[in-house]
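Residue-level listing of the chains:
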Amino acid sequence: MIQPTLEVLDRLVGYPTVSTDSNLELIDYAATLLEAVGARITRTFDDAGNKANLFASIGPDVDGGVILSGHTDVVPTEGQDWTRDPFRLTIEGDRAYGRGTTDMKGFLACALAMAPVFADAGLATPVHLALTFDEEEGCHGAKVLLDTLAQTGPKPAVAIIGEPTRHGIVVANKGCFEFTTEIRGVERHASMSAAGAGAIHAAARFIAMLDRLADQLAVRAPADSMFDPPGTTINVGTIQGGVARNITAGSAVLDWEFRPIDPADRDFILAEVERFVSEELLPSMREEFPEAEVVTTTVGAVGGFRPDPDGPATRLARILTGEETLGAVAFGTEAGLFQEAGISPVVCGPGDIEQAHKPDEFIELSELDRCLSLMNRLIAELT
């Protein structure tokens, strides 16, 4: 099965489904493969109709069954030092190179290549395939897909989210909350500077506040945390502002995020940020510039995946992999959304997260082989 899988992976990698762009061509290709084996297919879309999820069912039209779920979007390649065409599959030795090979088109290629096998297996319980959009930008697609499932059915029992874990069984991940904060200050000659009203100076105070929160959260991390790093983290990823060194900045925009290990840390951060802005930052800025503003927009908000070591998905993953050790990851996944929807999830898939988002991203062919073997074992559990 490795050759058909590589043929599918070649097509998937060839669609440059960066999160800012459409994934409709990829979805159409996947739908064609699945319709050819008689799968029941539903598409759901973003508000603009430029991106789609695909949910396909193979086997009896009943509730229950197992979802094989993966996101179709990939991160950008601009500014990265690729030595190969990122949107063309390149096989060298035991590695398949290309953007998304690990994160996570390798898993999707295995599931799509196995569709004819699933269709011919005489399943007593269905296999479902879920292909989602915008996981990298806040898991927006999975939310749409799961809302539709809740209204129309079917009601699957288990979801295997095939993020790259080298087939280790992951039963927990941190949440991910992403924001853009725009600070509007006064723009004037720097010789008249009132630093308290300059947007970049205000942004520095905002970032310093986030750093203080991060220090507090590191101290309160539980001693028995499953995560590495063990506590909730905060990061400021980008900052833009100002026009010249001799002009006070009228605007500064920063993108930041935090990854909570539990809802208590989430609530603590949100409350402290709101208090700092309303009670400290804005009042001091408005002493110099009454029109000063601090506006924070939520880009993405995804709760964490809570451990359920004895849940149906974990039990199934142990059977399929032969592994007993359970782990946790700091990176975000869609598993928490499935959990909130009443579907037992586990994160388990081919490839190594160390390769994700990097130039010359690759997946080992042996990982694809192992993934195909697991899917064959899944058939035995569902017939």
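Everything numeric in this text was worked out from a predicted model, so none of it was measured. (Residues numbered from 1 in each chain as written. Predicted model: local features only at pLDDT ≥ 70, side-chain atom pairs only at ≥ 80, totals over all residues. Heavy atoms only, no water.)

(A) Focus on the nonpolar core. In this structure, Leu-34, Leu-68, Phe-118 and Met-375 are the most contacted members of the largest nonpolar core, which totals 55 residues. With sequence-adjacent residues up to four places away left out, Met-375 is seen in contact with Leu-68, Phe-107, Cys-110, Ala-111, Met-114 and Phe-118. Counting 31 residues, the second-largest nonpolar core is a separate cluster that includes Val-186, Ala-214, Leu-217 and Leu-254. (Core = buried A, V, L, I, M, F, W, Y, C linked by side-chain atoms within 4.5 Å. Buried < 20%, exposed > 50% of the residue type's maximum accessible area, 1.4 Å probe, protein only. Contact = heavy atoms within 4.5 Å.)

(B) Representation of unusual backbone geometry within the structure. Note the cis peptide between Gly-153 and Pro-154, where omega equals 0°. Within the secondary structure, Pro-154 sits in the loop between helix 5 (140–152) and strand 7 (158–161). Residues Asp-228 and Pro-229 are joined by a peptide bond in cis, for which omega reads 0°. Mapped onto the secondary structure, Pro-229 falls in the loop between helix 6 (199–219) and strand 10 (233–241). Here the phi dihedral of Arg-166 falls at roughly 55°; this positive angle occurs in a residue that is not glycine. Summarising the element assignment, Arg-166 is placed in the loop between strand 7 and strand 8 (169–173). Assessed through its relative accessible area of 35%, Arg-166 is described here as partly exposed. We note that His-357 has phi near 70°; this positive angle belongs to a residue other than glycine. Residue placement: His-357 occurs in the loop between strand 14 (344–347) and strand 15 (362–364). Assessed through its relative accessible area of 37%, His-357 is described here as partly exposed. (Helix = DSSP H or I, 4+ residues; strand = E, 2+ residues; numbered from the N terminus.)

(C) Seen up close, the environment of Val-13. The topology assignment puts Val-13 in helix 1 (residues 2–14). For the pair formed by Val-13 and Gly-65, sequence separation is 52 residues and the distance between their alpha carbons is 28 Å. Ignoring sequence-local partners within four residues, the contact set of Val-13 consists of Pro-86, Phe-87, Arg-88, Leu-89, Gly-98, Arg-99, Thr-101 and Lys-105.

(D) The arrangement of the environment of Glu-323 in detail. With respect to the helices, strands and loops of the structure, Glu-323 is situated in the loop between helix 8 (312–321) and strand 13 (326–329). As for Glu-323 and Pro-222, which are separated by 101 residues in sequence, their C-alpha atoms are 26 Å apart. Setting aside residues up to four positions removed in sequence, Glu-323 forms contacts with His-167, Ile-169, Arg-318 and Arg-370.

(E) Molecular detail of the packing of helix 8 against helix 10 (residues 365–382). Interhelical geometry of helix 8 versus helix 10 gives an angle of 120° and a closest axis separation of 9 Å. In terms of crossing hand, the pair formed by helix 8 and helix 10 is right-handed. Note on element contacts: helix 10 touches helix 8 through Arg-370, Leu-374, Arg-377, Leu-378 and Glu-381, opposite Leu-316, Ile-319, Leu-320 and Thr-321. In the contact of helix 8 with helix 10, the residues fall into five nonpolar, one polar and three charged. (Axes fitted to C-alpha atoms, helices over the stretch in contact; angles between N-to-C directions. Left-handed = near helix turned anticlockwise from the far one by under 90°. Nonpolar A, V, L, I, M, F, W, Y, C, P; charged D, E, K, R; others polar.)

(F) Just the sheet that holds strand 5 (residues 95–97), in detail. Taken together, three strands build an open sheet; the order of strands is 4-5-15 and the sheet is antiparallel. Only two strands of the sheet have a single neighbouring strand rather than two, namely strand 4 (90–92) and strand 15. Between one strand axis and the next, the sheet turns by 25° as a mean value, whatever way the strands run. With three bridges joining them, strand 5 and strand 15 adopt antiparallel strand pairing. Paired with Ala-96 across the strands is Ile-363, a residue of strand 15. In the packing of helix 10 onto the sheet, the strands contacted are strand 4, strand 5 and strand 15, and the crossing angle to strand 15 comes to about 60°. (Pairing = 2+ DSSP bridges.)

(G) Structural context of the side chain of Asp-360. Counting through the fold element by element, Asp-360 comes out in the loop between strand 14 and strand 15. Accessibility expressed as a relative area gives 14% for Asp-360, which makes it buried. For Asp-360, the side chain forms a polar contact with the side chain of Thr-83, separated by 2.7 Å. In this structure the side chain of Asp-360 is engaged in a polar contact, spanning 3.3 Å, whose partner is the side chain of Arg-84. Not counting the four nearest positions on each side in its chain, Asp-360 is found in contact with Asp-81, Trp-82, Thr-83, Arg-84, Tyr-97 and Gln-355. (Polar contact = N/O pair within 3.5 Å; in protein donor to acceptor, adjacent residues only side chain to side chain.)

As far as function goes, none of this settles anything; it's purely spatial.
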